[in-house]
Every structure is written in C-alpha cells, then in structure tokens.
Amino acid sequence: MRLLIVEDEKRLALSLARGLTAEGYAVDVVHDGREGLRRAAEGVHDLVILDIMLPGLNGYRVCAALRAGGHEVPVLMLTAKDGEYDEAEGLDTGADDYLTKPFSYVVLVARVRALLRRRERGPGASPVRVLGELRIDTAARRVFLRDAEVALTAKEFAVLDHLAGRAGEVVSKAEILEHVWDFAYDGDPNIVEVYVSTLRRKLRADLIRTVRGAGYRLESGR
C-alpha cells in the first residue's frame, strides 16, 4: 500500500514516514497544501494522512477539493485543534477519520489499517484473506499456510498482501514497486524478484507464478 503524508511539521512527517515504512508501506511526503492536493489527485495513493494547519491550502480545503474532484482515496486528518466542531468540520469536508495531536503512533497505525481494510473490502468485511491453504490476516499482519504460521518481514508481508489483493491476476513488477516501495525509490528494480523468491521459499514454490514479460500471479485456489 502506498501512503501520502501531507504535514508541514517536518520532524513529525519524517518520524511518521520512517515508522510507516517500517510497517511495510510505501510512503511519500509533502509539506504544503497545494502540493499535497496535486499529489493526492494523481490517484496513485491508497490513503492520505492530512494535517489541517498547512501553508498554501489548509487540510479542510484540500480534502474538499479532492472530494469535489471525485477522488475517493481515504483521508485521515491530523490536527493540533481539539473539539467536536473541528472534528465535525473535518468529517463534513469528506475526511474518513480524525486524529488529534498529540496522538499515539500505535493508534495512528491502527486507524490507517482500518481505513485501508474498509477501502479494499467495504465496511464490516473480514480482514482475513483465504486463498486455498493460505490465510492472510491483514489486521494482525500474520500469515498461515496449512494452519502453520509463517514469519514474514514487513516488506515481505506487503508484497504478499498486494499480490493477494489481486489473486489470480497478473501484477507487474512496476506496480509492486509503486505500491510497496516509495515514489523516490531508485534502487535496483530486481528487488521485487528477491522478495518473490523469499516468499516462495517461505511459503511454497508454486504459490507465486512468474508470467514471463508481464509479472507475477498469486494462485488463488491452491
């Protein structure tokens, strides 16, 4: 999953980006409202973490402009303000959730995961993907094969979860890079092959198929 942080407090933005990257997300960061709106409107992010007090455009206006433009990306608003009217204003502009500073990082991650689950499956749907003998609990970030738990790193889980979200379909290497690594990643694109190889070794060799010249396909019923 690829996240966009729009936050003008650079130390906080960097801290959030580091933490969420360690959780396995790809993270882009901008520090003003106008750039945040431009990047969010590109449609490549799965969730936007949006501060309210921003230079250029405040978070309310950014969120309202996104919704007016037909963009349905989940928005988690952050603010130093406190009070039910501030929360109501944020939600009225189209935000999906609201977190007041200072906040617990653990709570923020839980809110991010909940919004991403809601977007993928719809409200009330189960956070567990079952694909034959493979079971992926996206809430607990745990993976089981034939009821035996398989230990994965954050990036390994992110690659597997992205493939599982498109189970039975071919997913290109470029798409995996875009959603699992951040926008600024300029390392070796063969890193995807390394992670796929590791997943095959930890899970089962025939679970992820290589489609020559196209990408990878996670077998949905095996």
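Residues numbered from 1 in each chain as written. Predicted model: local features only at pLDDT ≥ 70, side-chain atom pairs only at ≥ 80, totals over all residues. Heavy atoms only, no water.

Engineer: Help me understand the overall build of the protein chain in this model?
Structural biologist: Tallying secondary structure elements over the protein chain gives eight helices and 12 strands in all. Residue pairs in contact within the protein chain that sit at least 24 positions apart in sequence constitute 56% of those at least 6 positions apart. As displayed, the protein chain has an accessible area near 10,700 Å², and 49% of this comes from carbon and sulfur atoms. (Helix = DSSP H or I, 4+ residues; strand = E, 2+ residues; numbered from the N terminus. Contact = heavy atoms within 4.5 Å. Areas by Shrake-Rupley, 256 points an atom, 1.4 Å probe, with all protein chains shown as cover.)

Engineer: Looking at this structure, I do not really get the environment of Val211. What am I missing?
Structural biologist: Inspection of the secondary structure assignment puts Val211 in strand E11 (residues 208–211). Judged by its relative accessible area of 23%, Val211 falls in the partly exposed class. The sequence separation of Val211 and Val170 amounts to 41 residues, and the corresponding C-alpha distance is 7.2 Å. Excluding its chain neighbours within four sequence positions, the residues that come into contact with Val211 are Val170 and Arg217. (Buried < 20%, exposed > 50% of the residue type's maximum accessible area, 1.4 Å probe, protein only.)

Engineer: I tried to follow the packing of aromatic side chains on my own but got confused; where do I start?
Structural biologist: The description of two aromatic rings rests on the distance between their centres and on the angle between their planes. All told, the structure shown has zero aromatic pairs when counted by the stated rule. Its end group placed over the ring of Phe144, Arg135 keeps NZ or CZ at 4.3 Å from the ring centre. (Phe/Tyr/Trp six-rings, centres within 6.5 Å; stacked < 30°, edge-to-face > 60°. Lys NZ or Arg CZ within 6 Å of the ring centre and 35° of its normal.)

Engineer: Looking at this structure, I do not really get helix H7 (residues 173–180). What am I missing?
Structural biologist: Residue pairs three or four apart in sequence face the same way in an α-helix, which turns once every 3.6 residues. Along H7, the residues classified as buried are Ile176, Leu177, His179 and Val180. Residues of H7 that are buried in the fold lie against strand E1 (2–6), strand E2 (26–30), helix H6 (154–164), strand E10 (170–171), helix H8 (191–202) and strand E12 (215–218).

Engineer: Explanation requested: the nonpolar core in the structure shown.
Structural biologist: One broad rule of soluble globular proteins: the nonpolar side chains tend to lie buried together. The biggest cluster of nonpolar side chains holds 26 residues, and the ones touching the most others in it are Leu134, Val143, Leu160, Leu163, Ile176, Leu203 and Leu218. Looking at this core, the elements with two or more residues in it are strand E7 (134–137), strand E8 (142–145), H6, H7, H8 and E12. Here this core gets six residues from one element, more than from any other, and that element is H6. Those residues in contact with Leu163 that lie beyond four places of it in its chain are Val171, Ile176, Ile208, Tyr216 and Leu218. One finds Ala13, Phe103, Leu115 and Leu116 within the second-largest nonpolar core, a separate group that totals 20 residues. (Core = buried A, V, L, I, M, F, W, Y, C linked by side-chain atoms within 4.5 Å.)

Engineer: Explain the packing of H7 against H8 to me, please; I cannot follow it from the model alone.
Structural biologist: Axes are the key here: two packed helices are described by the angle between their axes and the distance separating the axes. Remark: H7 packs on H8, axes separated minimally by 10 Å, with the N-to-C direction vectors making an angle of 90 degrees. Taken together, H7 and H8 sit at an angle that is classed as roughly perpendicular. Each of Lys173, Ile176 and Leu177 in H7 lies in contact with H8, whose residues at this interface are Ile191, Val192 and Glu193. Per-class residue counts for the contact of H7 with H8 are four nonpolar, no polar and two charged. (Axes fitted to C-alpha atoms, helices over the stretch in contact; angles between N-to-C directions. Parallel < 35°, antiparallel > 145°, perpendicular 65-115°, else oblique. Nonpolar A, V, L, I, M, F, W, Y, C, P; charged D, E, K, R; others polar.)

Engineer: Sorry, what's going on with the sheet that holds strand E9 (residues 148–150) here?
Structural biologist: Sheet strands pair by backbone hydrogen bonding; their relative direction is either parallel or antiparallel. The antiparallel open sheet is built from four strands, whose spatial order is E6-E7-E8-E9. The sheet is open, and its two borders are formed by strand E6 (128–131) and E9, each paired with just one other strand. Along the sheet, successive strands turn relative to each other by an average axial angle of 25 degrees, direction set aside. In this structure, E6 lies alongside E7, joined through four bridges in antiparallel fashion. Residue Val128 lies in a different strand from E7, and its bridge partner there is Asp137. Sheet strands in contact with H6 are E6, E7 and E8, and its direction is about 110 degrees off that of E7. (Pairing = 2+ DSSP bridges.)

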